[in-house]
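Remarks on the overall topology
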Amino acid sequence: MSHVTQKNLIAGEWQTGSGEIENHNPSDLTDLVGVYAQATSDQLSATLEQAHRAQREWAAYGIERKQAVLMNIGNEMMSRAEELGTLLSREEGKPLAEGKGEVFRAGQFFTYYAAECLRQIGENADSVRDGIEIDVRREPVGVVAVISPWNFPTATASWKIAPALCYGNAVVWKPANMTPASAVALTEIIERQDIPKGLFSLIMGSGNTIGQQLVESKSVNAISFTGSVPVGKGIAAAAIANLTKVQMEMGSKNALAVMDDADLDLAVSVAHGGAFGGTGQKCTASSRLVVHEKIHDAFVEKLIAGAKAMKVGHALEADTQMGPVVSEQQLNENLDYVALGKSEGAELACGGERLSLDHDGYYMSPGVFLNTSNSMRINREEMFAPLTSVIKVGSYDEALAVVNDTDFGLTSGIVTTSLARASHFRRNAQTGVVTVNLPTAGTDYHVPFGGRGDSSYGPREQGSAAAEFYTTVKTVYMSSGSPE
Ligand code: NDP
């Protein structure tokens, strides 16, 4: 079947570019999802220029008009979650329920920020000088570059795009080239709304060409990025060269502490979901399981049994519990980490192998490492794989020390029935997100999200915290003179 090239949205017009890429289904490499145009630097310049004009127009829209736009986008995504979730799962490889759930959740980001359009209330104060009043208000930053990854192609982009639009900005979106179909689908929905021409742009293309040009552009007022640490550092350097506002969410090495007083079945299910959900390709994945020695043997026995029983398969098949890895490159990197773990002395208790299934795809069995130490590279570097390591500890204090001994700091969790330990952990875990008796992955949209250390840089995302990044504060001093 021949495919029509899917275009970029440049200055409000759908345009082809210089060349195109093919997007294949990682569950079945014979399935061509589509063909996608690659944007050129001239198109980038043109769309940025138009974005500035459109942004001024959009900022002047009334708040109810903006609210209606965001509400329509959100409602359409939620009502089409089945269709768009299927497309997402087809190109990214997460099981259908996760794909549908992601699209629905992305719709909720838009409806949440639709309501936030109406809640933009400033502050006022009396001046220290007589007869002068002050008001403090937030204004849009201008044109925002959104650079999003493939692992949550719709949700991550939406939690950036929705607040950017809500607070009156224009958006130029560079999605991951691995997941362009979801990007085109979301762009089509946004483009149909009552928005100024060119307010929203889609520029597909590789990160190190068009992405790099975008982040180096002086026309960009703010950059929101989610992806790897090395790319994030390069983006931060480019942003600082232009003094552009920047916000970044990057990798992590999240730990889940399992205490000896934990409910065993709950601990196993929390660890399992955190480690293998989304094929382990989550920045919030539980890749270190820090387990008290008194519960260790019983815990690992059930964890391994669960991993072995997991149905790995085509993302769109109903009984699939874990889909394929996203790409050949990612799969090879995962297998390299398996070899590295073994060479470091870890025991691979199960999985960690490439699987040949009915469909030709990037399948891998979920793997569990035992007898690992926190100094091993498999416990220090983000693997982004369906692999998890067990680190045995002798006490709660040791567990907390291991949890915090990392360069990252996005999420951490504890499974315990002790209120004292849960309270102490939530105060002393050095991460931006802490969970108690819950997986380290899975967060809400109305509260801040972000981490510490190498995991994040710049203001928090989501909830009302997003206003800090997507707006700039103006302080107005007003002397009204005498009423006489
Ligand atoms: P990258 O950091 O390379 O990609 C993330 C996004 O940045 C993509 O849209 C990418 O474009 C873009 N990009 C890449 N280089 C540049 C650049 N120089 N300037 C501007 N944009 C750029 O992550 P990968 O997809 O390569 O994944 C590699 C590893 O990163 C994973 O194994 C994982 O460890 C980590 N990662 C973490 C994520 C998280 O949620 N924190 C999400 C994804 C990855 P394109 O892909 O089209 O080239």
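Residues numbered from 1 in each chain as written. Predicted model: local features only at pLDDT ≥ 70, side-chain atom pairs only at ≥ 80, totals over all residues. Heavy atoms only, no water.

What follows deals with the sheet that holds strand β5 (residues 28–37). Here we have three strands laid out as an open sheet, ordered β1-β5-β4, and mixed in their pairing. With partners counted over all chains shown, the strands left at the sheet margins are β1 (5–6) and β4 (20–25), one partner each. Bridge count between β1 and β5: two bridges; the pairing is parallel. Across the sheet, the residue bridging to T5 is V35, located in β5. Sheet contacts for helix α3 (residues 81–92): β4 and β5; angle to β5, the most-contacted strand, approximately 110 degrees. The strands touched by helix α6 (residues 180–191) are β1, β4 and β5; relative to β5, the strand with the most contacts, the crossing angle is about 45 degrees. (Pairing = 2+ DSSP bridges. Helix = DSSP H or I, 4+ residues; strand = E, 2+ residues; numbered from the N terminus. Contact = heavy atoms within 4.5 Å. Axes fitted to C-alpha atoms, helices over the stretch in contact; angles between N-to-C directions.)

For A11, which is not a glycine, the phi torsion comes out positive at approximately 50 degrees. Within the secondary structure layout, A11 lies in the loop between β2 (8–10) and β3 (13–15). The backbone phi angle of N371 is positive, close to 50 degrees, even though this residue is not glycine. You can see N371 is positioned in the loop between β18 (367–370) and β19 (387–393).

Moving on, we get to the site of the ligand. The local shell around the ligand holds 27 residues, among which W150, N177, S228, M250 and E382 are the closest. The contact in question runs from a nitrogen atom of the ligand to an N or O atom on the backbone of M250, over 2.7 Å. Within the side chain of E382, an N or O atom sits 2.7 Å from an oxygen atom of the ligand. A total of 860 Å² of accessible area belongs to the ligand in isolation, and the protein chains cover 84% of it. Looking at the shell around the ligand, the elements that each hand over two or more residues are α7 (207–216), β11 (222–226) and α8 (229–241). Take the shell around the ligand: its biggest share by element is four residues, from α7. (Near = heavy atom within 4 Å. Polar contact = N/O pair within 3.5 Å; in protein donor to acceptor, adjacent residues only side chain to side chain. Areas by Shrake-Rupley, 256 points an atom, 1.4 Å probe, with all protein chains shown as cover.)

Here we come to the packing of aromatic side chains. Under the counting rule described, the total for this entry stands at ten aromatic pairs. Taken together through their ring pairs, the aromatic side chains of F109, Y112, Y113, W159, Y167, Y445 and F449 make up a single cluster. For R65, the ring lying beneath its charged end belongs to Y61, and the centroid distance is 3.7 Å. Between K94 and the ring centre of F152, over which it is positioned, the NZ or CZ distance is 3.8 Å. (Phe/Tyr/Trp six-rings, centres within 6.5 Å; stacked < 30°, edge-to-face > 60°. Lys NZ or Arg CZ within 6 Å of the ring centre and 35° of its normal.)

This next bit is on the packing of helix α12 (residues 396–404) against helix α13 (residues 419–428). One way to put it is that α12 packs onto α13 with a least axis distance of 11 Å and a crossing angle of 25 degrees. Taken together, the axes of α12 and α13 lie roughly parallel to each other. By crossing handedness, the relation of α12 to α13 is classed as right-handed. For the pair α12 and α13, contact is made by Y396, L400, V403 and N404 and by R421, H424, F425 and N428, respectively. Counted by class, the contact of α12 with α13 contains four nonpolar, three polar and one charged residues. (Parallel < 35°, antiparallel > 145°, perpendicular 65-115°, else oblique. Left-handed = near helix turned anticlockwise from the far one by under 90°. Nonpolar A, V, L, I, M, F, W, Y, C, P; charged D, E, K, R; others polar.)

Mapped onto the elements of the fold, G278 is located in the loop between α9 (264–276) and β14 (286–292). Exposure remark for G278: the relative accessible area of 8% places this residue in the buried category. Along the primary structure G278 and W159 are separated by 119 residues, whereas in three dimensions their C-alpha atoms are 18 Å apart. (Buried < 20%, exposed > 50% of the residue type's maximum accessible area, 1.4 Å probe, protein only.)

Under the domain assignment used here, the protein chain contains domain 1 (5–251 + 451–475) and domain 2 (254–436). In this structure, domain 1 and domain 2 have C-alpha centres spaced 31 Å apart. Contact residues are listed per partner, giving 29 residues for domain 1 and 32 residues for domain 2. For the domain 1 and domain 2 pair, buried surface summed over both sides reaches about 2300 Å², with 60% attributable to carbon and sulfur atoms. The largest share of the area that domain 1 buries against domain 2 comes from S27, W150 and R452, three residues that together contribute 23% of it. (Domains from an automatic or database assignment. Buried area = accessible area lost by both parts, 1.4 Å probe.)

Summarising the element assignment, H296 is placed in helix α10 (residues 293–309). Every residue in contact with H296, bar those within four places of it in the chain, is listed here: V291, V390 and K392.

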